[in-house]
Amino acid sequence: MKRWFAVSLCIALVVTQLFACSAALAASDGDLFDPTLTNELRYSLDRWLRSAENRATLTICLCSDYENSNPKGYKLNLDAASFVGESDDMLYVLVKTKTTGKHLLIGYEPDSGLAMADTVELGTNNTSRILAAMEQFFSGNVYTNDENEIANALTDYNRSSAKTSTKTTSSSSTGKSTGKISYYNPNNRNSNSGSSTTTSKPTTAPKASSNYPFKSLTIQFMDYPAVKRYSVDDWYSSSKRRALLTALIETPYDGLRYKDKSMPLPSTLFGTSYVGRSKSGQNTLYYITIETDQPKIQLLFEFNPSKKTAKYAVVEVSNNTSSRLIEELCGKDYHKNNSNDISEQYFEALDMQMKHLDTLLKNY
């Protein structure tokens, strides 16, 4: 991030020349902050820029991360025009603040997961002139965020984080931003805890899992002290436990995908995922389905807690009904993951992993 000062200074100078601003840069080196939510999506630079929806997602996530990391910092005005640019393997988001004359320039490097923010004084709010100034500096593409996508992003983002609110619905119907930062659901799905009617005992799978191209998945979480005490049924006993299982079993898949970027990217945090169970002889099997970044492609995980084994398969579904796959394997004995629990339990899973690694290192 050493080039950040040069980046912010250059854009300030370009804007100064174009608009005859009196002030160029509001701060020196900018403020590093932790882009926790943005990093959770694990999108590549190219994927962030792929569509207007993704660029809106990037803007909302980085703004949320900034405000969460800097509660006393600048308040952002997401009802105004915002911009996304690309230069030298970095992404930049330019957002108007609620302080007169101030814009916030956020730089984000997907490969390292680092982010930094700085303020610039542009001297104008004219969208076309700001865009022209950015195009003079950035070596890659520059975009003006689509207003409808930003509005949709804010509405869905707020809906998924607000447990009890009716304001979001009215905001969605008018197409206007509420200006509130919260979780974003790009698939525009209700993220409240939904489930099918479940039975008290696992049912026999209506469709044999052998019909799917499963591959072995190496898991370590069964050795974590925090989960060693779990019984077979504990994994299914609450929404948080099912979310934790989803987070734990996706982690080794992410390791495989890190080596092979052609593998589908799970949309666990903002897509739809389910956890179900069925019987196979004397064993209870858990199935997890997760939507991915590829249309009609889902990830399917099979987890056998008794044998401490797991498998995964990439499955093409024939229609857009996200629950079809889990219903084929578990009948009605399944639950939709709650998005708030998923977000929380990803951190819990990471904490478990770090503690386990720390124990291994101490015993080395």
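Predicted model, so just to flag it, every value in this text is computed and none were measured.

Quick look at the overall build of the chain now. Looking only at helices and strands, the chain features 11 helices and 13 strands. Residue burial in the chain is summarised as follows: out of 364 residues, 52% are buried. Of the contacts made within the chain by residues no fewer than 6 positions apart, 66% connect residues no fewer than 24 positions apart. Accessible surface, the chain as shown: approximately 17,200 Å² in total, 47% of it carbon and sulfur.

Right, let's get into the pairing of strand S9 (residues 273-280). Among the eight residues in S9, six count as buried, and that is most of the element. Bridge analysis of S9 against strand S10 (residues 283-291) gives eight bridges, and the strand direction is antiparallel. Bridging across to S10, Val275 finds its partner in Ile288. In this antiparallel pair of consecutive strands, S9 and S10, the connection spans two residues, and Gly281 shows a positive phi of 65°. Both S9 and strand S13 (residues 334-336) contribute to a ladder of three bridges, which runs antiparallel. If you follow Val275 over to S13, its bridge partner there is His335.

Across the chain, the average pLDDT comes to 77, with 76% of residues at or above 70. In this model residues 1-29 is a low-confidence stretch, pLDDT under 50, and it forms 72 contacts with partners more than four residues away in sequence or in other chains. The low-confidence segment residues 163-200, where pLDDT is below 50, has 89 contacts with residues more than four positions distant or belonging to other chains.

It is worth spelling out the packing of aromatic side chains at this point. When we look at a pair of aromatic rings, we describe it by the centre distance and by the angle of the planes. In the structure shown here, the tally under the stated rule is 11 aromatic pairs. Between Tyr253 and Phe301 the ring centres are 6.0 Å apart and the planes differ by 90°, which places this aromatic pair in the edge-to-face class. One end of the pair, Tyr253, is in helix H9 (residues 239-259); the other, Phe301, is in strand S11 (residues 297-304), with 48 residues separating them in the sequence. Phe301 shares its class with Tyr253; the two are buried. Among the aromatic residues, ring-to-ring pairing joins Phe221, Tyr230, Trp235, Tyr236, Tyr286 and Phe303 into one connected group. When the ring centre of Tyr43 is taken as reference, the NZ or CZ atom of Arg47 above it lies at 3.6 Å.

Our focus in this paragraph is the pairing of S11. Across the eight residues of S11, eight count as buried, placing the element largely inside the fold. Side chains of S11 alternate between two faces, with Ile297, Leu299, Phe301 and Phe303 and Gln298, Leu300, Glu302 and Asn304 buried alike. One ladder, built from six bridges, connects S10 with S11; its direction is antiparallel. The residue bridging Glu291 from the neighbouring strand is Gln298, located in S11. Connecting S10 to the antiparallel partner S11 that follows it, the hairpin turn spans five residues, and Lys296 within it adopts a positive phi of roughly 65°. Pairing of S11 with strand S12 (residues 309-316), which is carried by eight bridges, proceeds in the antiparallel orientation. Within S12, the position partnered with Gln298 by the bridge is Val315. Hairpin connection between S11 and S12: a loop of four residues separates the two successive antiparallel strands, and Lys308 in this loop has a positive phi of roughly 60°.

Under the counting rule described, the total for this entry stands at zero disulfides. You can see Cys61 has no disulfide; the closest cysteine sulfur is in Cys63, sitting 9.4 Å from it. Given a relative accessible area of 0%, Cys61 falls into the buried group.

Below, the discussion takes up the pattern of salt bridges. In the structure shown here, the tally under the stated rule is 11 salt bridges. Between Arg42 and Asp254 there is a salt bridge, with the nearest N and O atoms lying 3.5 Å from each other. On the criterion of sequence distance, the pair formed by Arg42 in the loop between helix H2 (36-41) and helix H3 (45-49) and Asp254 in helix H9 is long-range, its members being 212 residues apart. We classify Asp254 as buried; its relative accessible area is 18%. Counted as one network, the salt bridges with shared partners bring together Arg42, Glu250 and Asp254.

Structurally, Arg241 is set in helix H9. For Arg241 and Asp341, which are 100 residues apart along the polypeptide, the C-alpha to C-alpha distance reads 8.8 Å. Look past the residues within four positions of Arg241 in its chain and what remains in contact with it is Tyr230, Asp234 and Trp235. Polar contacts involving the side chain of Arg241 include one to the main-chain carbonyl oxygen of Asp234, which spans 3.5 Å.

Parameters and conventions
- Residues numbered from 1 in each chain as written.
- Predicted model: local features only at pLDDT ≥ 70, side-chain atom pairs only at ≥ 80, totals over all residues.
- Heavy atoms only, no water.
- Helix = DSSP H or I, 4+ residues; strand = E, 2+ residues; numbered from the N terminus.
- Buried < 20%, exposed > 50% of the residue type's maximum accessible area, 1.4 Å probe, protein only.
- Contact = heavy atoms within 4.5 Å.
- Areas by Shrake-Rupley, 256 points an atom, 1.4 Å probe, with all protein chains shown as cover.
- Pairing = 2+ DSSP bridges.
- pLDDT = per-residue confidence, 0-100.
- Phe/Tyr/Trp six-rings, centres within 6.5 Å; stacked < 30°, edge-to-face > 60°.
- Lys NZ or Arg CZ within 6 Å of the ring centre and 35° of its normal.
- Disulfide = S-S within 2.5 Å.
- Salt bridge = Lys/Arg side-chain N within 4 Å of Asp/Glu carboxyl O.
- Polar contact = N/O pair within 3.5 Å; in protein donor to acceptor, adjacent residues only side chain to side chain.

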